[in-house]
Amino acid sequence: MTDTKTAIGVPRERNRSGGPRRTPRSARGGESVGRRLSAWVDRHVLAVFTTPALAFIALTMLFPVVFTIYLSLTHWVGGASRAPEFIGLENFIRLFTDDERFWLATLRTILLTAGAVLAQTVLGVAIAVLLHRKFVLSGLVRSVVLLPMIATPVAIALVWRLMFHPQLGVLNDILVRLGLPPSDWLANPDLALFLVGVVDTWEWAPLIALITLAGLTALPEEPFEAASIDGANGWQKFWHVTLPMVRPIVVVAVVLRLIEALKTFDPILVMTNGGPGFATETLNIYAYNIAFQYQQLGYSAALLIVFFLLVLLISSSVLSLRRGKE
């Protein structure tokens, strides 16, 4: 077919070489869609690869936080027939002014966390220093020592609950064989919280030991050689050389354990369920009971927000203390 422009006497546009100018591929229709899409992705590669991750975070983290904040401002018993009733800050006012159980749970949470983390830090650093030395079957000993933190907290709590059983437990059997009277163990209100801390320490001291051991392995040898030349003994090397050098790593381990210890839930629920009475009821257990036993979901949400702020405050304080000493 004769070109229209040629037919009416209008010459075709020509390129620099004198031949007719070709129509760009982007103007030819659908065959260049893939190329245009590929070029657009190349220009916006950062947005293309980060948007799915940001959307996932917003869906799984941001929405629950926003919903919890909204729920804390309402009165809701969790029934589908009754919508949440907005009450403002009444839940928080009640929490701080008219709930003695909340303050006692807060005190138990702080006591359990402080005692457990302190014991785990001392034992973890001591275990790491011992495992850092070379001896026969050192690899096997390391594996055995680190085994407790591999098991799930629920399984460990069940095992220890059986050991603490007044009639069937192995601990009372040992006491009887030694001629000592059996103990109530977890049924004793004065002993239950301490025993929960013992179990938590037994499980998580190896974690601090593992992190500290990694730090000890990376320490340079020159400071220890200089200390030996100066006549320092083993204790002086540990106190004046090893401990200051490994302290930043220990602080990181302590912060990690501090956050997790504040949120201890599984061992308490399995071993005592907050009892006997309220002797082991921490903030986690209290929030759980308020939500699922008393069906006060709005009040429980307010409690969880206060709990989150407490965890944030304590963790930030520890990190600030570390920065202040550096």
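Everything quoted here is computed from the prediction, not taken from an experiment.

Draft legend 1. Summary view of the packing of helix α5 (residues 100–131) against helix α13 (residues 283–292). At a minimum axis separation of 8 Å, α5 and α13 run at an interaxial angle of 145°. In contact with Arg101, Phe102, Ala105, Thr106 and Thr109 of α5, α13 contributes Leu283, Tyr286 and Asn289. Classifying every residue of the contact of α5 with α13 gives four nonpolar, three polar and one charged.

Draft legend 2. Structural view of the environment of Ala291. Along the polypeptide, Ala291 turns up in helix α13. Residues Ala291 and Ala301, ten residues apart in the sequence, show an inter-C-alpha distance of 8.3 Å. Excluding anything up to four places from it in sequence, Ala291 contacts Gln296, Leu297 and Ser300.

Draft legend 3. Representation of unusual backbone geometry within the structure. In this chain, Gly275 is followed by Pro276 through a cis amide linkage whose omega measures -5°. You will see that Trp185, though not glycine, has its phi angle at about 50°, which is positive. Relative to the elements of secondary structure, Trp185 occurs in the loop between α8 (170–177) and α9 (192–217). Of note in this structure, Asn273 is not a glycine but carries a positive phi near 55°. Within the fold, Asn273 resides in the loop between α12 (266–271) and α13. When its relative accessible area of 40% is taken as the criterion, Asn273 is described as partly exposed.

Draft legend 4. Spotlight on the nonpolar core. Grouped together as the largest cluster of nonpolar side chains are 17 residues, with contacts concentrated most on Leu95, Phe102, Leu283, Tyr286 and Leu303. Listing elements by their share of this core, those giving two or more residues are α4 (90–97), α5, α13 and α14 (297–325). Other than its neighbours up to four places away in sequence, Phe102 contacts Leu95, Phe96, Leu283, Tyr286, Leu303 and Val306.

Draft legend 5. Highlighting the UniProt feature "transmembrane region" (unreviewed entry) in the protein. If you check UniProt for "transmembrane region" (unreviewed entry), the listed places come out as residues 45–71, 110–131, 143–163 and 297–321 in our numbering. Taken end to end, residues 45–71 is 100% helix and 0% strand, and its two terminal C-alpha atoms sit 38 Å from one another.

Draft legend 6. A look at helix α3 (residues 45–72). With 28 residues, α3 extends 40 Å between its outermost C-alpha atoms, agreeing within 8% with the 40 Å of an ideal straight helix rising 1.5 Å per residue. At Ala58, α3 is bent by approximately 35°, the largest bend along its length.

Draft legend 7. Representation of the packing of α5 against α9 in the model. In contact at an axis separation of 6 Å, α5 and α9 are set at 40° when each is read in the N-to-C sense. It follows from the interaxial angle that α5 and α9 lie oblique. In terms of crossing hand, the pair formed by α5 and α9 is right-handed. For the contact of α5 with α9, the residue count by class is 17 nonpolar, six polar and two charged.

Draft legend 8. Layout of the packing of aromatic side chains. By the definition in use, this model includes twelve aromatic pairs. The interplanar angle of 20° and the centroid separation of 5.7 Å between the aromatic rings of Trp235 and Trp239 together place this pair among those described as stacked. Linking Trp235 with Trp239, this pair stays in helix α11 (residues 234–262), spanning four residues, or about one helical turn. Following the ring pairs from residue to residue traces out a cluster consisting of Trp160, Phe164, Trp185 and Trp202. Note that Arg94 overlies the ring of Tyr299, its terminal NZ or CZ placed 3.9 Å from the centroid.

Draft legend 9. Inspection of a nonpolar patch on the surface at higher detail. Judged by side-chain polarity, Phe135, Val136, Leu137, Leu140, Val141, Val144, Leu147 and Ile150 come together as a nonpolar surface patch covering roughly 790 Å² of accessible area. Inspection of the secondary structure assignment puts Leu137 in the loop between α5 and α6 (138–145). On the basis of relative accessibility, which here comes to 58%, the residue Leu137 falls in the exposed class.

About the criteria used
- Residues numbered from 1 in each chain as written.
- Predicted model: local features only at pLDDT ≥ 70, side-chain atom pairs only at ≥ 80, totals over all residues.
- Heavy atoms only, no water.
- Axes fitted to C-alpha atoms, helices over the stretch in contact; angles between N-to-C directions.
- Helix = DSSP H or I, 4+ residues; strand = E, 2+ residues; numbered from the N terminus.
- Contact = heavy atoms within 4.5 Å.
- Nonpolar A, V, L, I, M, F, W, Y, C, P; charged D, E, K, R; others polar.
- Buried < 20%, exposed > 50% of the residue type's maximum accessible area, 1.4 Å probe, protein only.
- Core = buried A, V, L, I, M, F, W, Y, C linked by side-chain atoms within 4.5 Å.
- UniProt positions renumbered as here; feature names shortened; annotations may be inferred.
- Expected span 1.5 Å × (residues − 1).
- Bend = angle between axes of the 7 residues up to and from the residue.
- Parallel < 35°, antiparallel > 145°, perpendicular 65-115°, else oblique.
- Left-handed = near helix turned anticlockwise from the far one by under 90°.
- Phe/Tyr/Trp six-rings, centres within 6.5 Å; stacked < 30°, edge-to-face > 60°.
- Lys NZ or Arg CZ within 6 Å of the ring centre and 35° of its normal.
- Patch = residues over 30% accessible without salt bridge, like charges linked within 9 Å, V, L, I, M, F, W, Y side chains within 5 Å.
- Areas by Shrake-Rupley, 256 points an atom, 1.4 Å probe, with all protein chains shown as cover.
- Salt bridge = Lys/Arg side-chain N within 4 Å of Asp/Glu carboxyl O.

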